[in-house]
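# A structural walkthrough
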Amino acid sequence: MNVTFWGVRGSLPTPGPSTAGYGGNTSCVSLQVEPRSLVVLDAGTGITQLGHHLPDDLERVDVMLTHLHMDHIIGLGFFEGFYREGLEVHLWGPDSTVGKLRERLSRYLSPPLFPVRLRELPCRLALHSLPTAPFAVPGFDVTAQLVCHPGATVGYPITDSSAAVAYLPDHEPALGVRAFPESARWTSGYDLVSGVDVLIHDAQYTDEEYAARRGWGHSTVGHTLALAELGAVRRLVPFHHDPSHDDAWIDATYAALEVPDSMVLTPAREGLSLTL
């Protein structure tokens, strides 16, 4: 399995000299094991960069949205794969209590917010509301499970024949907990991350920042590490970097972090590619 990071920033695209090292594009990660198919996790501005690198012989793309906050879907209309005639594109995401996936996405991909409607895209597009049971796409087995974040939001554990990746870019596991982490049974997201080879997880805040942002749906660097330790994760990739955290801040923060010998820590950066 190849895992490539195209956008690692949270909340707001943050381009500029001070963020060039880790990148300023919002959430997008690709997974590939089959040569002619691709899984794409979220469609932030990073998906535009991915679109420039699609193989000519690609036959199928599965785009899996965790939720419909703007920083995770803003790149959808600019994804080159949507404009390839004949390319099979499957778009997956959660329904909410107020609307189905197609209805909710159509509010963005239609005038006045966007000039092209979903039904006008030339690719072979299929929309799927996420099932509650595990499902399969070419090369991978996928599970979607609700996590703590405002609105309908899921995390994904995705496996192939030899490796497991968990992707929880927006998740507040400490919400409502007196002392984090508590036992595995009472920890949001534990079932999704337990024993995975790679955990890509929200690490937006410091503990001090979190005190004023409790309930906003995001994790701290410390909470992310604690969750990874609880789940015996082999490699932790902190993700969804805050717009105010520049390259120097990220370098200093993770250099000072005490990480157990059993775990590899790799802060997410654009262009990072892992082979599992």
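Check the entry above for the structure.
These figures come from a predicted structure and were not determined experimentally.

Once that is clear, we can look at the overall build of the chain. Regarding its fold elements, the chain presents 7 helices and 15 strands. Scaling as 2.2 N^0.38, a compact globule of 276 residues should have a C-alpha radius of gyration of about 19 Å, and the chain matches this with 18 Å. Principal-axis analysis of the C-alpha atoms places the extent of the chain at approximately 50 × 40 × 35 Å. Looking at the chain as a whole, 55% of its 276 residues qualify as buried. Here the analysis covers contacts within the chain between residues at least 6 apart in sequence; of these, 68% occur between residues at least 24 apart. As displayed, the chain offers around 11700 Å² of accessible surface, 52% of which is attributable to carbon and sulfur atoms. For the chain, the distance from the average site of its 18 positive side-chain charges to the average site of its 32 negative ones is 7 Å.

Time to look at the pairing of strand E10 (residues 154-159). Of all 6 residues making up E10, 5 are buried, and the element is well covered by its neighbours. Bridge count for strand E8 (residues 140-142) against E10 is 2 bridges, and the pairing is antiparallel. Directly across from Asp 141, in E10, lies its bridge partner Thr 159. Pairing of E10 with strand E11 (residues 164-168), which is carried by 4 bridges, proceeds in the antiparallel orientation. Each bridged residue has a counterpart across the sheet, and for Ile 158 the counterpart in E11 is Val 165. Here E10 hands over to E11 after 4 residues, the two strands then running antiparallel side by side.

Turning our eyes to something else, we now look at the sheet that holds strand E2 (residues 28-32). Overall, mixed pairing links the 7 strands, which are arranged E6-E5-E4-E3-E2-E1-E15 in an open sheet. Of all the strands in the sheet, just strand E6 (124-129) and strand E15 (273-275) have a single pairing partner and so form its edges. Mean inter-strand twist for the sheet, computed between neighbouring axes without regard to direction, equals 20°. Here 5 bridges tie strand E1 (residues 2-7) to E2, and the two strands are oriented antiparallel to one another. In the strand pairing of E2, Asn 2 is matched with Gln 32.

Of note, Ser 37 is situated in strand E3 (residues 37-41). A relative accessible area of 9% means that Ser 37 is categorised as buried. Ser 37 has contacts with Gln 32, Leu 58, Arg 60 and Pro 138, leaving out every residue within four places of it along the chain.

Now for helix H6 (residues 221-230). Counting buried positions along H6 gives 7 out of 10 residues, so the element sits mostly inside the fold. Looking at H6, one finds that the buried residues are Val 221, His 223, Thr 224, Leu 225, Ala 226, Leu 227 and Ala 228. Residues of H6 that are buried in the fold lie against helix H4 (190-193), strand E12 (198-202), helix H5 (207-211), strand E13 (235-239) and helix H7 (247-255). At the N-terminal boundary of H6, the capping side chain belongs to Thr 220, with an oxygen 3.3 Å from the backbone nitrogen of Gly 222. Backbone geometry just downstream of H6 places Ala 232 in the positive-phi region, at approximately 50°.

Position of Tyr 156 relative to the elements: it lies in strand E10. On the basis of relative accessibility, which here comes to 0%, the residue Tyr 156 falls in the buried class. With 92 residues separating them along the chain, Tyr 156 and Met 64 place their C-alpha atoms 8.9 Å apart. In this structure, Tyr 156 is in contact with Leu 41, Met 64, Leu 65, Thr 66, Trp 92, Leu 130, Val 142, Thr 143, Ala 144, Val 165, Ala 166 and Tyr 167, ignoring residues within four places of it in sequence. For Tyr 156, the side chain forms a polar contact with the main-chain oxygen of Leu 65, separated by 2.7 Å.

So, about the packing of aromatic side chains. As enumerated under the stated definition, the model contains 6 aromatic pairs in all. Centroid distance Phe 78 to Phe 114: 5.3 Å. Interplanar angle 90°. Geometry classified as edge-to-face. Of this pair, Phe 78 sits in the loop between helix H2 (70-73) and strand E5 (88-93) while Phe 114 sits in the loop between helix H3 (101-108) and E6, placing them 36 residues apart in sequence. What makes Phe 114 buried here is its relative accessible area of 8%.

Calculation rules
- Residues numbered from 1 in each chain as written.
- Predicted model: local features only at pLDDT ≥ 70, side-chain atom pairs only at ≥ 80, totals over all residues.
- Heavy atoms only, no water.
- Helix = DSSP H or I, 4+ residues; strand = E, 2+ residues; numbered from the N terminus.
- Rg over C-alpha atoms; globule rule 2.2 N^0.38 Å.
- Buried < 20%, exposed > 50% of the residue type's maximum accessible area, 1.4 Å probe, protein only.
- Contact = heavy atoms within 4.5 Å.
- Areas by Shrake-Rupley, 256 points an atom, 1.4 Å probe, with all protein chains shown as cover.
- Lys, Arg positive; Asp, Glu negative; His and termini not counted.
- Charge placed at Lys NZ, Arg CZ, Asp CG, Glu CD.
- Pairing = 2+ DSSP bridges.
- Axes fitted to C-alpha atoms, helices over the stretch in contact; angles between N-to-C directions.
- Polar contact = N/O pair within 3.5 Å; in protein donor to acceptor, adjacent residues only side chain to side chain.
- Phe/Tyr/Trp six-rings, centres within 6.5 Å; stacked < 30°, edge-to-face > 60°.

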